Amino acid sequence: MLDIKLIRERPDFVRERLLTRGGGDERKIDEVLSLDEKRRNLLGEVEALKALRNKVSKEIGAMMAQKKLAEAEVKKTETRAIGERIVELDRAVAAAEQSRDEVLLRLPNIPHSSVPLGQSAADNPVVRSWGSQPQFGFRPKTHVEMCEQLKLVDFARGTKLTGSGFLLYTNLGARLERALIQFLLDLHSTSHGYVEVSPPFMVKSECMVGTGQFPKAIDQAYAVQEGEDKTTLGKLYLIPTAETPVANIHREEILKEADLPINYCAYSPCFRAEAGAAGVGTRGMIRVHQFDKVELIRVVNPAHGYDELEKMVGHAEAVLQKLGLHYRVIQLCTADLGFTSAKTYDIEVWAPGQKAYLEVSSCSNCEDFQARRMNLRYKSEAGDNRYPHILNGSGTALARLFVALIETYQQSDGSVIVPEPLRPYLKSDRLAAS
RNA sequence: GGAAGGGUGGCUGAGUGGUUGAAGGCACCUGACUCGAAAUCAGGCGUAGGAGCAAUCCUACCGGGGGUUCGAAUCCCCCCCCUUCCGCCA
């Protein structure tokens with residue numbers, strides 16, 4: 001959530017920055033300002049009345065103590081009307097505040113000044129790349145062919161169980177998935193200084209608001225119903241990423257400055273309705289409704305937010321380097337930036353069977369945008385409460401990593417060589433049809 | 001799910017309708033004393049919103065929400081959480 005004070009004091013700056021996103025949100029600034037002014041006017045009015053009521057009530061108390069009962073009764077009768085007016089105005093203030101916040105909660109974050117201007121994803125610059133596209137002496141297969149031949153994933157039965165976009169990993173496929181999760185968690189927790197956590201896979205709507213999925217993207221979430229109790233429907237949501245529960249761990253808290261930075265890594269399945277994406281890359285494992293991911297979350301001092309973002313990208317890149325997978329890092333331009341992010345790098349891994357780069361990580365600094373929504377603060381050395389920067393990065397998403405891995409390491413005989421770092425986890429150096 | 005007890009400031013712990021944003025203690029900060037420290041003494045010490053150039057002032061907050069009242073931490077209703085016991089259960 002943007003700071004209402006910033007909008008009040010520098011509306012032109014906010015409008016100009018939002019304009020670079022191309023979403024038309026800058027047009028809502030006037031609405032926010034007028035709702036905010038309405039709220040403040042009502043607030044001033046009701047607070048003056050409350051001050052009056054408090055004063056009179058004390059006077060009544062004093063009269064009662066002096067046994068001037070008749071006089072007190074007269075005052076009480078006079079004051080009754082003030083109370084009624086206060087109730088009305090309180091409701092009006094709450095309504096104005098709610099209207100203001102409804103608009104405010106749907107405004108995206110302001111892009112950082114270092115983010116390149118652009119009109120679409122086509123304008124995202126490539127920052128660097130690592131390795132090179134592997135060459136094959138044969139036509140490389142797609143992961144779909146390979147999964148079927150090696151029986152790594154049973155697409156048909158996954159669909160039978162739940163529907164399209166849900167995967168049934170089988171045998172060595174299931175083992176590989178589990179090996180990858182463990183490899184990733186071990187790497188980040190032992191080599192990169194992240195504390196491993198294992199969060200709930202369902203959260204309350206407050207958490208979804210905190211990390212920015214709600215209210216705007218509520219159509220992308222799966223809501224849960226408890227047993228036959230229909231009143232519970234919509235109270236809990238399946239998480240679209242571990243970022244949601246993990247970034248909210250300290251919501252409503254005031255941390256100490258010395259507690260920062262806080263670094264968490266977590267595995268979770270991710271549930272995404274992908275509403276409106278039907279028909280787009282629906283075949284195979286590239287775009288599914290449930291996938292595994294290891295997420296990195298950092299809560300840092302704002303002074304170091306952007307240095308820490310660079311480091312976090314490095315942590316995600318280390319995954320692909322260790323696995324020997326060719327990738328490139330791109331920076332999202334203003335038009336492609338996610339709702340909560342001020343600056344984002346995406347990491348795209350090369351998948352030879354797809355002849356395409358697949359996004360396996362997105363690393364963002366959301367600055368204080370999420371901290372403000374979840375009321376997460378830290379007490380500075382100076383003694384005042386401030387909002388920390390919250391960073392999130394995939395380290396990395398699994399279904400696509402799985403794809404890149406088997407497509408990259410496929411052999412002419414149809415088997416897959418397992419890269420060195422995974423062998424201890426998989427207890428095998430090769431995936432082959434049995 | 002049932003029963004009982006309980007949720008007050010960083011901690012502890014008073015407070016059952018009227019200068020209580022909240023006694024006392026601990027912790028913390030500043031000053032005095034001291035070569036320095038400890039002890040002691042004096043003062044300070046919550047969060048948020050609003051008005052104001054500022055000093056400062058006002059409003060709200062005692063788990064959350066609603067109600068009664070001129071006035072609620074205190075009374076009433078609903079909900080949440082914690083502890084213990086019982087039931088159920090991987």
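None of the values given here were measured: they were computed from a predicted structure.

### Brief notes about the overall build of chain A
Along the backbone of chain A there are 13 helices and 16 strands. Seen through its principal axes, chain A has C-alpha atoms that stretch 100 × 50 × 40 Å. Looking at chain A as a whole, 50% of its 434 residues qualify as buried. Put simply, 73% of the contacts in chain A that link residues at least 6 apart link residues at least 24 apart.

### Focus: the packing of aromatic side chains
Enumeration according to the criterion identifies eight aromatic pairs in this entry. Measuring from centroid to centroid gives 5.5 Å for F136 and F138, while their planes differ by 70°, and the two rings are edge-to-face. Residue class for F138 comes out partly exposed when judged on its relative accessible area of 27%. Over the ring of F13 we find R10, and its NZ or CZ is 4.2 Å from the ring centre. The residue whose ring lies beneath R328 is Y357, and the NZ or CZ to ring-centre distance is 4.1 Å.

### Remarks on the sheet that holds strand 5 (residues 236–238)
Strand order across the open sheet formed by three strands is 3-5-4, with antiparallel pairing between neighbours. This sheet does not close on itself; its edge strands, each paired only once, are strand 3 (202–204) and strand 4 (223–224). Examined bridge by bridge, strand 4 and strand 5 share two bridges and lie antiparallel to one another. Directly across from V224, in strand 5, lies its bridge partner L236.

### Re the protein's contact with RNA strand B
Near RNA strand B, the surroundings consist of 21 residues, among which R8, S57, K76, R80 and R377 are the closest. Near-protein atoms of RNA strand B (within 4 Å) split between backbone and bases, with sugar and phosphate holding 73%. Between RNA strand B and K379 there is a distance of 3.2 Å, counted from a phosphate oxygen to a side-chain nitrogen or oxygen. Residue N385 places a side-chain N or O atom 3.5 Å away from a sugar or linking oxygen belonging to RNA strand B. Listing elements by their share of the surface near RNA strand B, those giving two or more residues are helix 1 (4–9), helix 3 (29–65), helix 4 (69–104) and strand 12 (377–379). With twelve residues, the single largest contributor to the surface near RNA strand B is helix 3. In terms of residue class, the surface near RNA strand B is made up of four nonpolar, five polar and twelve charged.

Each value, and the rule that gives it
- Residues numbered from 1 in each chain as written.
- Chains lettered and ligands numbered in written order.
- Predicted model: local features only at pLDDT ≥ 70, side-chain atom pairs only at ≥ 80, totals over all residues.
- Heavy atoms only, no water.
- Helix = DSSP H or I, 4+ residues; strand = E, 2+ residues; numbered from the N terminus.
- Buried < 20%, exposed > 50% of the residue type's maximum accessible area, 1.4 Å probe, protein only.
- Contact = heavy atoms within 4.5 Å.
- Phe/Tyr/Trp six-rings, centres within 6.5 Å; stacked < 30°, edge-to-face > 60°.
- Lys NZ or Arg CZ within 6 Å of the ring centre and 35° of its normal.
- Pairing = 2+ DSSP bridges.
- Near = heavy atom within 4 Å.
- Polar contact = N/O pair within 3.5 Å; in protein donor to acceptor, adjacent residues only side chain to side chain.
- Nonpolar A, V, L, I, M, F, W, Y, C, P; charged D, E, K, R; others polar.

Distances and angles like these do not, on their own, reveal function.
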